[in-house]
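Residues per chain are reported as follows:
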Amino acid sequence: MLRFNLNYFFVTVFCFSSLFATHSLHAEEVVVYSARIEQLIKPMFDAFTKETGIKVKYTTDNEGALLARLEAEGKNTPADMLITADAGNLWAAAQAGLLKPVQSDVLQSNIPAHLRDPENAWFGLSIRARTLIYNTKKVKPEELSTYENLADPKWRNRLCLRTSKKVYNQSLVAMMIAEHGQAETERIVKGWVANLATDPLSDDTRALEFVAAGKCDVTLVNTYYYGRLMKKDPNLPLAVFWPNQNDGGVHVNISGAGVTRHGRNGQAAIKLLEFLSSDKAQNLFADVNMEYPVNPKIAADPFVASWGGFKQNPMNLVKAGELQTTAVKLMDRAGYR
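Novice: Tell me about the pattern of salt bridges, residues and numbers included.
Specialist: Scanning the entire structure with this criterion turns up 16 salt bridges. For Glu 51, the salt bridge identified is with Lys 280, shortest N-O distance 2.8 Å. On the criterion of sequence distance, the pair formed by Glu 51 in helix H2 (residues 38-52) and Lys 280 in helix H11 (residues 279-287) is long-range, its members being 229 residues apart. A residue is classified by how much of its surface remains accessible, and Glu 51, at 45% relative accessible area, is partly exposed. Lys 280 gets classed as exposed once you look at its relative accessible area, which sits at 54%. The partner of Arg 158 in a salt bridge is Asp 217, with the nearest N and O atoms 2.6 Å apart. A residue pair is termed long-range when its members are at least 10 positions apart, and Arg 158 in the loop between strand S4 (123-135) and strand S5 (159-160) and Asp 217 in the loop between helix H8 (204-212) and strand S6 (218-222) qualify at 59 residues. Judged on exposure class, the residue Arg 158 and its partner Asp 217 are both buried. In the salt-bridge network here, residues are joined through shared partners; they are Lys 138, Glu 143, Arg 158 and Asp 217.

Printed below as a string of structure tokens:
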């Protein structure tokens, strides 16, 4: 009888120990769905695991596929965090109920208000500036001034643009609508279209190559595309110009993240979010893609800083999502393909 009771005792203890161990293991892991590719996120995840002991499992795919997957999985999703580029995509995830608000003094302190959701559903982690790049052999910097000025007839047959199908341009136009209203923004975009030297191009790199080759004189791109190209060939006749420094400021966007509504390890995901906004991680997160740290206390990589400082547009990036559909329709009416 005593032997039976002892066996029962040991079996019970083993079961509870196994259950506790399984729970502990589960709690020490965070699952991330990322629209940023592995080489841009793994260094930060490795640093987080080294500091906290919390493992990070991740799946990478494009933002559309990841949002669709989160919606399809619903309450059964294994994902605790979503990382993606552009505030418009983060806004869409929040609107679809895929993210939940996070209350964190750390995030509030590290991330400026215009670079995070007013309801705390998503937070910027790095900044990408969408600015003017010009051919130094064909344009003097004093000829340039604002995004709006690119609609001036003096730029006829001198402008290159990436296709309007890309979210980066949709967000830029959405923010312009928030600032100027639809009628004035449509006038500006029609002016851009009238000034194109060629049909809209497939990507920012292509636009930069056209400017460098003299096929057009100026373009609008995210700065990290400029950085990548100049790293390969520093002798290209290209330079950065920061527009709207006397009024609204440079249009910025973010790569950012939110905690999923139905994730199992929300607290671990918050710890990861806070880590990614910290001094230790900010340069890792920004420098690897030649972006700017979202945390204003952290300096940009020297190569990125060499492009000069600039004033950001302080409007909250939630407008990039709220007005995205309006922006797409406006660009279509303006003939911007």
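Novice: Help me get a handle on the state of the cysteines, residues and values and all.
Specialist: According to the stated counting rule, one finds one disulfide in the structure shown. Across the disulfide from Cys 160 sits Cys 216; the S-S distance is 2.0 Å. Handedness of the Cys 160-Cys 216 disulfide follows from its S-S torsion of about -110°: it is left-handed. Here Cys 160 is found in strand S5, whereas its partner Cys 216 is found in the loop between H8 and S6, with 56 residues between them in sequence. Each member of the pair, Cys 160 together with Cys 216, is buried.

Novice: Before we move on, can you summarise the packing of aromatic side chains with the specific residues and values?
Specialist: Think of a pair of aromatic rings as described by two things: how far the centres are apart, and how the planes are tilted against each other in angle. Taken as a whole and assessed by the stated rule, the structure comprises seven aromatic pairs. A ring pair is formed by Phe 45 and Tyr 58, whose centres lie 5.6 Å apart and whose planes are at 45°; its orientation type is tilted. Taken together, the residues Phe 45 in helix H2 and Tyr 58 in strand S2 (residues 55-60) connect sequence positions 13 residues apart. Ring pairs connect the aromatic residues Tyr 226, Phe 303 and Trp 307, which therefore count as one cluster.

Novice: Please provide a residue-by-residue account of the pairing of strand S8 (residues 251-259), values included.
Specialist: In regular strands, side chains alternate between the two faces of the sheet. Among the nine residues of S8, nine are classified as buried, and the element is accordingly described as predominantly covered. Pairing of strand S3 (residues 81-85) with S8 involves five bridges; the strand directions are antiparallel. Directly across from Leu 82, in S8, lies its bridge partner Gly 258. In this structure, S4 lies alongside S8, joined through seven bridges in antiparallel fashion. Counted as the bridge partner of Phe 123 is Ala 257 from S8.

Novice: How would you explain the environment of Val 211 if you had to name every residue and give the values?
Specialist: Position of Val 211 among the secondary structure elements: in helix H8. In this structure, the C-alpha to C-alpha distance between Val 211 and Tyr 134, residues 77 residues apart in sequence, is 6.8 Å. Filtering out sequence-adjacent residues up to four positions away, Val 211 remains in contact with Ile 133, Tyr 134, Asn 135, Cys 216, Asp 217, Val 218, Thr 219 and Leu 238.

Novice: Kindly report on the environment of Ala 194, identifying the contributing residues and their values.
Specialist: Inspection of the secondary structure puts Ala 194 in helix H7 (residues 182-194). Accessibility expressed as a relative area gives 39% for Ala 194, which makes it partly exposed. A sequence separation of 43 residues divides Ala 194 from Ala 151, and the C-alpha atoms of the two residues are 7.7 Å apart.

Novice: Help me get a handle on the nonpolar core, residues and values and all.
Specialist: Counting 105 residues, the largest nonpolar core has Trp 122, Trp 192, Leu 238 and Leu 272 as the members making the most contacts within it. Broken down by element, this core gets its largest block of residues, eight residues, from helix H6 (residues 167-180). With residues up to four places along the chain from it excluded, the contact list for Leu 238 reads Ile 133, Tyr 134, Thr 136, Leu 208, Val 211, Ala 212, Tyr 226, Leu 229 and Met 230.

Novice: For helix H4 (residues 87-95), give the residues involved together with the corresponding values.
Specialist: Of all the positions in H4, only Ala 87, Gly 88, Asn 89, Leu 90 and Ala 93 are classed as buried. By the N-cap criterion, in which a side-chain oxygen at the helix start approaches the backbone nitrogen of a residue two or three places on, H4 is capped by Asp 86, the distance to Gly 88 being 2.7 Å. Count one or two residues on from H4 and you reach Gly 97, which has phi positive near 75°.

Cut-offs used in this document
- Residues numbered from 1 in each chain as written.
- Predicted model: local features only at pLDDT ≥ 70, side-chain atom pairs only at ≥ 80, totals over all residues.
- Heavy atoms only, no water.
- Salt bridge = Lys/Arg side-chain N within 4 Å of Asp/Glu carboxyl O.
- Helix = DSSP H or I, 4+ residues; strand = E, 2+ residues; numbered from the N terminus.
- Buried < 20%, exposed > 50% of the residue type's maximum accessible area, 1.4 Å probe, protein only.
- Disulfide = S-S within 2.5 Å.
- Phe/Tyr/Trp six-rings, centres within 6.5 Å; stacked < 30°, edge-to-face > 60°.
- Pairing = 2+ DSSP bridges.
- Contact = heavy atoms within 4.5 Å.
- Core = buried A, V, L, I, M, F, W, Y, C linked by side-chain atoms within 4.5 Å.
- Polar contact = N/O pair within 3.5 Å; in protein donor to acceptor, adjacent residues only side chain to side chain.

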